[in-house]
Amino acid sequence: MQKYISQQNLTTLLDTLIKQGTRVVAPHMNAGVPLYEPIQSAADMATGQLPRRSAKEAFFPVCEDIMSYEKEGQRISLKDIDPARFPETVLVGVRPCDAAAIPVLDEVFSWDYKDEFFLERRKKTTIIGLACTAADDACFCTAVGLFPGETKGSDLFLTPLEDGGYACESYSDKGETLINGNKELFAEPTKTKALSLAEPQTEKIDLKKVKSWLDEHFEDPLWDGIATRCVGCGACAFVCPACHCFDIVDEGTEKAGKRRKSWDACGFWKFTHHASGHNPRDLQPKRYRNRIMHKFKYYDDKFGQTLCTGCGRCVRVCPVGIDIASIVEEISKK
Amino acid sequence: MTEPIDTSIYSAVTAAIQTEAQRILAAGLVTAIVGYAASRRNGSTQPIIVTDAAAAEKLIFTPASVNNLALYLTKAKKEIPKKGKIGIVVKGCDLKAIVGLMGEAQLKRNDLYLIGVPCAGVLASTVQPSTALTADTIASKCTECDARLPSDCDYVPNVQLPTQPQLAGKYAVEIARLEALTPAERWAYWKEQFAKCIKCYACRQVCPFCFCEQCLCDRNKPQMVDTTPRPAGNTAWHIVRAMHLAGRCAGCAECERVCPMDIPLNLLNRKMAKELKELYDYEAGFEVNDKGPLTTYTDKDDQSFIK
Ligand code: SF4
Ligand code: SF4
Ligand code: SF4
Ligand code: SF4
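Source: prediction; values computed, not measured.

Engineer: Could you give an account of the overall build of chain B, with specific residues and numbers?
Structural biologist: For chain B, the count of helices and strands is 8 helices and 5 strands. For chain B, the N- to C-terminal ordering of α and β elements is α-β-β-β-β-α-β-α-α-α-α-α-α. Against the compact-globule benchmark of 19 Å for 307 residues, chain B has a radius of gyration of 20 Å, which places it among compact chains. With the C-alpha coordinates of chain B rotated into their principal frame, the extents come out at 60 × 50 × 40 Å. Classification of the 307 residues of chain B by burial places 53% in the buried group.

Engineer: Could you give an account of the environment of Arg287(A), with specific residues and numbers?
Structural biologist: Residues and elements named next belong to chain A. With respect to the secondary-structure elements, arginine 287 resides in helix α9 (residues 284–303). Spatially, the C-alpha atom of arginine 287 lies 8.1 Å from that of tryptophan 269, the residues being 18 residues apart in sequence. Excluding residues that lie within four positions of it along the chain, arginine 287 makes contacts with Cys266, Gly267, Phe268, Trp269, Arg281 and Asp282. Here glutamine 284 takes part through its side chain, which lies 2.4 Å from a polar atom of the side chain of arginine 287.

Engineer: Could you give an account of the site of ligand 3, with specific residues and numbers?
Structural biologist: In the region of ligand 3, the neighbouring residues are Lys91(B), Gly92(B), Cys93(B), Cys119(B), Gly121(B), Val122(B), Lys141(B), Cys142(B), Cys145(B), Ala147(B) and Arg148(B). Residues belonging to the shell around ligand 3 are distributed by class as follows: 6 nonpolar, 2 polar and 3 charged.

Engineer: Account for the side chain of Glu120(A), naming residues and giving values.
Structural biologist: All names here are of chain A. Within the fold, glutamate 120 resides in helix α4 (residues 116–123). Among the residues examined, glutamate 120 registers a relative accessible area of 17% and is labelled buried. Those residues in contact with glutamate 120, other than ones at most four positions away along the chain, are Pro83, Ala84 and Phe86.

Engineer: Which residues make up the environment of Gly234(A), and what values do they have?
Structural biologist: Examined against the element boundaries, Gly234(A) turns out to sit in the loop between α7 (221–227) and α8 (235–239). Given a relative accessible area of 0%, Gly234(A) falls into the buried group. Measuring from C-alpha to C-alpha, the distance between Gly234(A) and Cys314(A) comes to 9.9 Å, with 80 residues separating the pair along the chain. If we ignore the near neighbours within four places in the chain, the residues touching Gly234(A) are Ala265(A), Phe268(A) and Cys200(B).

Engineer: Explain α9(A) to me, and be specific about the residues and the numbers.
Structural biologist: What sets the pattern is the α-helix's 3.6 residues per turn: residues three or four places apart point alike. Residues and elements named next belong to chain A. A rise of 1.5 Å per residue sets the reference length of α9, with its 20 residues, at 28 Å; its end C-alpha atoms lie 27 Å apart and thus fit the reference within 8%. At histidine 294, α9 shows its maximal bend, which comes to roughly 55°. Counted residue by residue, α9 has 14 buried out of 20 residues, so it is predominantly covered.

Engineer: Tell me about the packing of aromatic side chains, and name the residues and values.
Structural biologist: For the structure on display, the rule yields 17 aromatic pairs over all chains. Taken together, a centroid distance of 4.3 Å and an interplanar angle of 15° make the contact between Phe109(A) and Phe118(A) stacked. The same class applies to Phe109(A) as to Phe118(A), namely buried. Among the aromatic residues, those joined into a cluster by ring pairs are Phe59(A), Phe60(A), Phe109(A), Phe118(A), Phe238(A), Phe246(A), Trp263(A), Phe268(A), Tyr201(B) and Trp237(B). When the ring centre of Phe86(A) is taken as origin, the NZ or CZ atom of Arg121(A), which lies over that ring, is 4.0 Å away. Above the ring of Tyr189(B), the side-chain terminus of Arg177(B) is found at 5.3 Å from the ring centroid.

Engineer: Report on the pairing of strand β8 (residues 156–160) of chain A, specifying residues and quantitative values.
Structural biologist: All names here are of chain A. Burial analysis of β8 places 4 of its 5 residues in the buried class, which makes it a mostly covered element. As paired strands, strand β7 (residues 125–130) and β8 are joined by 3 bridges and run parallel to one another. Considered in β8, the bridge of leucine 130 is made with leucine 158. Pairing of β8 with strand β9 (residues 166–170) involves 5 bridges; the strand directions are antiparallel. Bridged to leucine 156 within β9 is serine 170. Counting the residues in the hairpin turn of β8 and β9 gives 5 residues, including glycine 164, whose phi is positive at 90°.

Engineer: How would you explain the domain arrangement of chain B if you had to name every residue and give the values?
Structural biologist: Residue and element names in this part refer to chain B. For chain B, the assigned domains are domain 1 (9–144) and domain 2 (170–295). Every contact between the two is made by 31 residues of domain 1 and, on the other side, 27 residues of domain 2. Across the contact surface, domain 1 and domain 2 share 2 salt bridges. On inspection of domain 1 and its partner domain 2, the count reaches 7 residue pairs in polar contact (both at pLDDT 80 or more). Taken together, the residues of the side of domain 1 that touches domain 2 break down into 12 nonpolar, 11 polar and 8 charged.

Engineer: Can you lay out the interface of chain B and chain A for me, pointing to particular residues and giving the numbers?
Structural biologist: By convention, interface size is frequently given as the accessible area that disappears when the constituent parts associate. With 36 residues of chain B in contact, the opposing surface of chain A contributes 42 residues. Together, the buried faces of chain B and chain A total about 3300 Å²; carbon and sulfur atoms form 53% of this surface. When residues of chain B are sorted by the area they lose upon contact with chain A, Arg40(B), Arg41(B) and Glu79(B) head the list and together hold 20% of the total. For the pair chain B and chain A, the number of links is 3 salt bridges. The residue Asp262(B) makes a salt bridge to Arg52(A) at a minimum N-O spacing of 2.9 Å. For the interface between chain B and chain A, the tally reads 21 residue pairs in polar contact (both at pLDDT 80 or more). Listed by contribution, the elements that provide at least two residues to the side of chain B that touches chain A are β2 (45–50), α4 (183–195), α5 (202–206) and α7 (254–258) of chain B. Split into classes, the residues belonging to the side of chain B that touches chain A amount to 14 nonpolar, 9 polar and 13 charged.

Procedures and definitions
Within every chain, residues take consecutive numbers counted from 1 along the sequence as written. Note on labels: chains are lettered from A, ligands numbered from 1, in written order. Confidence filtering applies because this is a predicted model: local features only for residues at pLDDT of at least 70, side-chain atom pairs given and counted only at 80 or more, and all residues used for totals across whole chains, interfaces and linings. Side-chain numbers come from the whole structure's heavy atoms, not from hydrogens or water. Put simply, DSSP H or I for four residues or longer makes a helix, DSSP E for two residues or longer makes a strand, and each gets a number counted from the N terminus. Within these notes, the globule rule equals 2.2 Å times the number of residues to the 0.38 power, and the radius of gyration is based on C-alpha atoms. Using a 1.4 Å probe on the protein chains alone, a residue whose accessible area is under 20% of its type maximum counts as buried, one over 50% counts as exposed, and one in between counts as partly exposed. By definition in these notes, contact holds between two residues if any of their heavy atoms fall within 4.5 Å. Polar contact is defined as a pair of N or O atoms within 3.5 Å, subject to the rule that within protein one atom must be able to donate a hydrogen and the other to accept it, and that residues adjacent in sequence are counted only when both atoms are side-chain atoms. The cutoff for a nearby residue is simple: one of its non-hydrogen atoms must lie within 4 Å of the molecule or strand. Three classes are used, and their members are as follows: Ala, Val, Leu, Ile, Met, Phe, Trp, Tyr, Cys and Pro are nonpolar, Asp, Glu, Lys and Arg are charged, and the others, Gly among them, are polar. Expected span of a helix, by definition, is 1.5 Å for each gap between consecutive residues, and there is one gap fewer than residues. Note that bend, as reported per residue, equals the angle between axes fitted to the 7 residues terminating at that residue and the 7 residues originating from it. We call Phe, Tyr and Trp rings a pair once their centres come within 6.5 Å, taking the six-membered ring for Trp, and we label the pair stacked below 30 degrees between planes, edge-to-face above 60, and tilted otherwise. Only when the NZ of Lys or the CZ of Arg is both within 6 Å of the ring centre and within 35 degrees of the ring normal is a charge said to sit over the ring. Should DSSP find at least two bridges between two strands, the strands are regarded as paired. These domain limits were set by an automatic method or by a database of domain assignments. What counts as a salt bridge is simple: a side-chain nitrogen of Lys or Arg found within 4 Å of a carboxyl oxygen of Asp or Glu. Throughout, the accessible surface (probe 1.4 Å) given up by two parts as they are put together, summed over both, is called the buried area.

Listed below in structure tokens is the structure:
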């Protein structure tokens, strides 16, 4: 379904949703940093900059409680978190590279073990994507097969027009429902020209060639060459829309506490550190190799998708300038 | 228009670094040189470890040469074999960290070949690497720098540092602003900042002084600090970090540069440095001192906190 929505009506739509008790998550400035966070008013939405962290946290928060415990004398009581309490959500202003990562995450969170924390939030969320009109030189969505108008992962997709309004197209039942429930705010498509989309300055990378090289080069001097300088932090994984490793810890006292799930990263020395003290990935090049292998080989082997949407966040935040785009490009030319 | 900063010496500095690097590698004076090389993004640099004289031409110095490479000399970086003498490109602020590490018996002067850079300043982490250096885009630390010309190096390119515009010290201004607040207001400010922390530990991993074999915050037998990015664990981490670096931090501001959440970590470091200056007349500098202000006791030490 194709529609038009004016800037004013988009504001009204979001404010109405908020008033009705829907959780609206949008890019928003938090102490100087743009993040996807629940907003209290449409006026708080700030879509000008790419949020520093990705939209995955609408489903997979930085940290969440998954259980609580209490101990009194000999009596121990455990309490589950009830996912039914997760609110209906509209996630709006999502960049194409963030939205495209969400179906990628669906695969892993619904394969084998069904992660109800992720899936329940996912079920209750309508995603409104927004085309990109500006890119910087870290962006490389076009190199991994996406583009600034990519609609993958969006229920509704907005393309900014010259009059300040948006062309709006729905790609799922959730999208249609949102339009149908607020018919008066949407108009028929107009002839107004769309703003020109961003043009990331990267050439398409042959991901098949990358994968077949990775298939054969678990051991290769390339890993040492790149990753002796990796400092082993969590920055690249934490800002990534597709990284999904997490840790589970119990926090509290002997008497009461919570079991918590929080983001983990393959760059950390503790990642896959066994109780015996042995770590199969004992040095940084082996950990960095896992990052590339997981994104461009293992995930593809298992789910037929690439675990990178080219958002460029890891490139921007890496303390030592490790640039996944140039590494993958180099591999594709081997 | 904001005031431009003259970085024209950097091309001469680059040429001099390349020539010297080639000479000392070819002569076998060093086994490796840690320096900066260009990377894909326009104007950006990345650390590089050069072991071959022919690769010395990759070394550059630009306003985007932001890293403190001293990190690669410490035992935290096990991936880098520390065999023979290692050459390293250092700015004054980086050199202070090396000097601090010598004082803590982590490095020996004889194992290093120091290539010092006369420095006009580097870019803030909040701008694109291709940005021109101006009074607005310069890293906050550079506005308060007293170390533009590193001393006691093995080699310093012979160039004349240009005269700098007078820059307002960004930390001094911010510290004064925070000191004027009430404790409750100050706490509200830091609470908001710490709430953004995601425990990626980039700040710890780039710090040359965070060379502990196992950080207290990574221990789980027993668990000393909550590991999750929540108020309790975040506050604990930031207090541990600030306190453990007091009297050690050399002011390179790497922690603040790399924080993906823009938490002003060096503001805590500068505040601690200010207290140490007032209490113990201690300042990080170019002189090796194996008795840190918080690891020694004299009867002249401030006792006023004992009530
Ligand atoms: S690997 Fe890097 S560029 Fe790719 S999706 Fe993740 S953060 Fe973005
Ligand atoms: S690649 Fe960069 S961001 Fe990722 S762990 Fe290594 S140093 Fe940290
Ligand atoms: S603090 Fe001083 S030595 Fe360090 S980068 Fe800035 S100007 Fe150069
Ligand atoms: S770098 Fe920033 S976000 Fe990461 S642990 Fe340090 S303070 Fe927290």
